[in-house]
Amino acid sequence: MSVQRFVIIGNGPAANHAADTLRQQFSESRITIFSKDPFRSYRPHLLPDFISGLVKEQEIYFRPYDYYKERDITLRLGQAVVGVDFSRNRLFLEHREVVPFDGLIIATGAKPRIPEKFQLFADMMLTLKTPIDAKMWIQKLLDVESVVIVGGDLTSLSLTKALVKLGKRTRFILTEEAFWPSVLTNEIYKTATDRLERLGIEIVHCRRIRRIARLGENSLEIETDREVIETGALGAFFGLVPDVGFLTKTGLDIDRGILVDEFLKTRFEGVYAAGDCAQVYHPVLRDYWVSIGYENAAFLGRTAALNLAGSHLQVTLKAESILEVGGVKVNTSWWTEF
Ligand SMILES: Cc1cc2nc3c(=O)[nH]c(=O)nc-3n(C[C@H](O)[C@H](O)[C@H](O)COP(=O)(O)OP(=O)(O)OC[C@H]3O[C@@H](n4cnc5c(N)ncnc54)[C@H](O)[C@@H]3O)c2cc1C
């Protein structure tokens, strides 16, 4: 029998745990990881500390290149997959290379969400997902003394703390749609604003943002329904959405993320999805749920790999551990306290 070729798209926890598990199952097979990011695996929760200077850049990366070499896993960084032909089991890289596979695990994670109504202002907003984003923050903070954070997702608080540590005037616009994956009730709004104020953060109380305008390279004007404020930088934290745009029109079932059954299998033989990019069927709820969080992603990556290797492991989550936010069912292994 010829050597099996396993391909994994992504280089986050889901992808890496999938690769390790496949290697444990198959000592001879070819395992290749493709990541559009040009850097090694990193610890996203350390990015705010990197921005504040508490952590050095080398500390955010883990898994040296030797780790992959020792396990005979090919790591191809900075190589985006732009399409997949599931009928012929091959994928296409941005630089036009065609890569065949016998088994595929899609673990492309999620990217920062900018709601429709803010799309127009997206180029004035900074987000935070990768070390490159963190470097953009570091660069910007050299030139500005004030920052407005709009949103309220799980990343924004740690970044806000970092900004305070750097002595920046930090104001916060806590918006309803950004409190993902929690629901912003009046009670949570009060608790969150009390906590933020105790940290020295000003709250901009408003119902909506009407307009954002650039006054200069390091000066923005934000008009809310109550006031007009000026700031040096604007951070947008509206949660993350699955990074699956390149897979539309490939025949995969995609809703919010890639729809997979409770075994993490897509509609195509030998093709699985795991981590933040997947939407997993729950047989009791008879509905799909979205995964958020590092540990969840690692667990789903391992499970997808074991199933690709021939196991029949069902992802069983207690229905109570799945919360519903804005019509989307979510399970998070992340800390959820704001
Ligand atoms: C700033 C920040 C702080 C966080 N803090 C925490 C925390 O404290 N605790 C916690 O549990 N979770 C935290 N998270 C969330 C956690 O990082 C994610 O849930 C987790 O990383 C998801 O893992 P994943 O493997 O599914 O995807 P990701 O880690 O997002 O990895 C996706 C990978 O896919 C690659 N990719 C995407 N598209 C393509 C393509 N077309 N071709 C090739 N490669 C592609 C990317 O380059 C990347 O390597 C944080 C996230 C952020 C952004």
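Remember, predicted model here, so these are calculated numbers, not experimental data. (Residues numbered from 1 in each chain as written. Predicted model: local features only at pLDDT ≥ 70, side-chain atom pairs only at ≥ 80, totals over all residues. Heavy atoms only, no water.)

Here the focus is the overall build of the chain. For the chain, the count of helices and strands is eight helices and 22 strands. Its C-alpha radius of gyration of 21 Å places the chain within 12% of the 20 Å reference for a compact globule of 338 residues. Sequence-distant contacts, at least 24 apart, represent 61% of the contacts inside the chain between residues at least 6 apart. For the chain, the exposed surface amounts to about 16,200 Å²; the carbon and sulfur share of it is 49%. (Helix = DSSP H or I, 4+ residues; strand = E, 2+ residues; numbered from the N terminus. Rg over C-alpha atoms; globule rule 2.2 N^0.38 Å. Contact = heavy atoms within 4.5 Å. Areas by Shrake-Rupley, 256 points an atom, 1.4 Å probe, with all protein chains shown as cover.)

Relative to each other, helix 1 (residues 13–25) and helix 8 (residues 294–308) sit at 35 degrees, their axes nearing to 7 Å. The two elements helix 1 and helix 8 cross, and the hand of that crossing is right-handed. Judged by residue contacts, Pro-13, Ala-14, His-17, Ala-18, Thr-21, Leu-22 and Gln-25 of helix 1 engage Tyr-294, Ala-297, Ala-298, Gly-301, Arg-302, Ala-305, Leu-306 and Leu-308 from helix 8. Across the contact of helix 1 with helix 8, the residue classes tally to 10 nonpolar, four polar and one charged. (Axes fitted to C-alpha atoms, helices over the stretch in contact; angles between N-to-C directions. Left-handed = near helix turned anticlockwise from the far one by under 90°. Nonpolar A, V, L, I, M, F, W, Y, C, P; charged D, E, K, R; others polar.)

Looking now at the pairing of strand 7 (residues 103–106). By the alternation rule, side chains of strand 7 split into Gly-103 and Ile-105 and Leu-104 and Ile-106, which are all buried. Relative to strand 7, strand 1 (residues 5–9) runs parallel, the two being bridged by four bridges. Looking across to strand 7, one finds that Ile-9 is bridged to Ile-106. In the sheet, strand 7 pairs with strand 18 (residues 271–273) via three bridges, with the strands oriented parallel. For Ile-106, the partnering residue across the bridge sits in strand 18 and is Ala-273. (Buried < 20%, exposed > 50% of the residue type's maximum accessible area, 1.4 Å probe, protein only. Pairing = 2+ DSSP bridges.)

Backbone hydrogen bonds hold the strands of a sheet together, and the pairing may be parallel or antiparallel. The four strands lie next to each other as 11-10-9-15, forming an open sheet whose pairing is parallel. On the outer flanks of this sheet lie strand 11 (202–203) and strand 15 (233–237), each paired with one strand and no other.

Attention shifts here to the nonpolar core. One finds Ile-8, Phe-86, Leu-91, Leu-104, Ile-105, Ile-106 and Ile-258 to be the most contacted residues of the largest nonpolar core, which totals 50 residues. With sequence-adjacent residues up to four places away left out, Phe-86 is seen in contact with Leu-104, Ile-106, Leu-247, Thr-250, Leu-252, Phe-268 and Val-271. Tyr-42, Tyr-61, Val-144 and Phe-237 belong to the second-largest nonpolar core, a separate cluster that totals 28 residues. (Core = buried A, V, L, I, M, F, W, Y, C linked by side-chain atoms within 4.5 Å.)

Spatially, 3-2-1-7-18 is the arrangement adopted by the five strands of the open sheet, whose pairing is parallel. Bordering the open sheet on either side are strand 3 (73–77) and strand 18, each of which pairs with just one other strand. Strand-to-strand twist across the sheet, computed as the mean angle between neighbouring axes with direction ignored, equals 15 degrees. Sitting on the sheet, helix 8 touches strand 1, strand 7 and strand 18, and the angle it makes with strand 7 is about 165 degrees.

Take the pairing of strand 5 (residues 90–93) next. Burial of the side chains of strand 5 is restricted to one face: Leu-91 and Leu-93 are buried, whereas none of Arg-90 and Phe-92 on the reverse face is. Summarising the sheet, strand 4 (residues 81–85) and strand 5 pair through four bridges and their orientation is antiparallel. Bridged to Val-81 within strand 5 is Leu-93. Connecting strand 4 to the next strand, strand 5, in antiparallel fashion are four residues, including Asn-89 with a positive phi near 50 degrees. Here three bridges tie strand 5 to strand 6 (residues 98–100), and the two strands are oriented antiparallel to one another. Across the sheet, Phe-92 pairs through a bridge with Val-98, a residue of strand 6. Here strand 5 hands over to strand 6 after four residues, with Arg-96 in that stretch at a positive phi of 75 degrees.

With 13 residues, helix 5 (residues 131–143) extends 19 Å between its outermost C-alpha atoms, agreeing within 8% with the 18 Å of an ideal straight helix rising 1.5 Å per residue. In this structure, the buried residues of helix 5 make contact with helix 2 (47–52), helix 3 (57–60), strand 9 (146–151), helix 6 (154–165) and strand 15. (Expected span 1.5 Å × (residues − 1).)

Before going further, it helps to examine the side chain of Thr-108. Secondary-structure assignment places Thr-108 in the loop between strand 7 and strand 8 (110–112). Thr-108 has contacts with Ile-9, Asp-243, Val-244, Phe-246 and Cys-277, leaving out every residue within four places of it along the chain.

Here the focus is the domain arrangement of the chain. Domains assigned within the chain are domain 1 (5–38 + 78–111 + 241–332) and domain 2 (114–238). A straight line from the C-alpha centre of domain 1 to that of domain 2 covers 31 Å. (Domains from an automatic or database assignment.)

Moving on to the side chain of Ser-146. Along the chain, Ser-146 falls in strand 9. Residue class for Ser-146 comes out buried when judged on its relative accessible area of 14%. Not counting residues within four places of it along the chain, the set of residues in contact with Ser-146 comprises Arg-169, Arg-171, Glu-230, Thr-231, Gly-232 and Ala-233.

Applying the stated criterion across every chain yields a total of seven aromatic pairs. Ring centres of Phe-6 and Phe-26 lie 4.9 Å apart, and the angle between their planes is 45 degrees; this geometry places the pair in the tilted category. Separated by 20 residues along the polypeptide, Phe-6 in strand 1 and Phe-26 in the loop between helix 1 and strand 2 (30–35) bring together distant segments of the chain. Ring plane angle 80 degrees and centroid distance 5.5 Å describe the contact between Phe-39 and Tyr-42, whose orientation is recorded as edge-to-face. Looking at Phe-39, the relative accessible area reads 9%, which means it is buried. A relative accessible area of 12% places Tyr-42 in the buried class. Every member of this aromatic cluster is reached through a ring pair, and the members are Phe-39, Tyr-42 and Tyr-61. (Phe/Tyr/Trp six-rings, centres within 6.5 Å; stacked < 30°, edge-to-face > 60°.)

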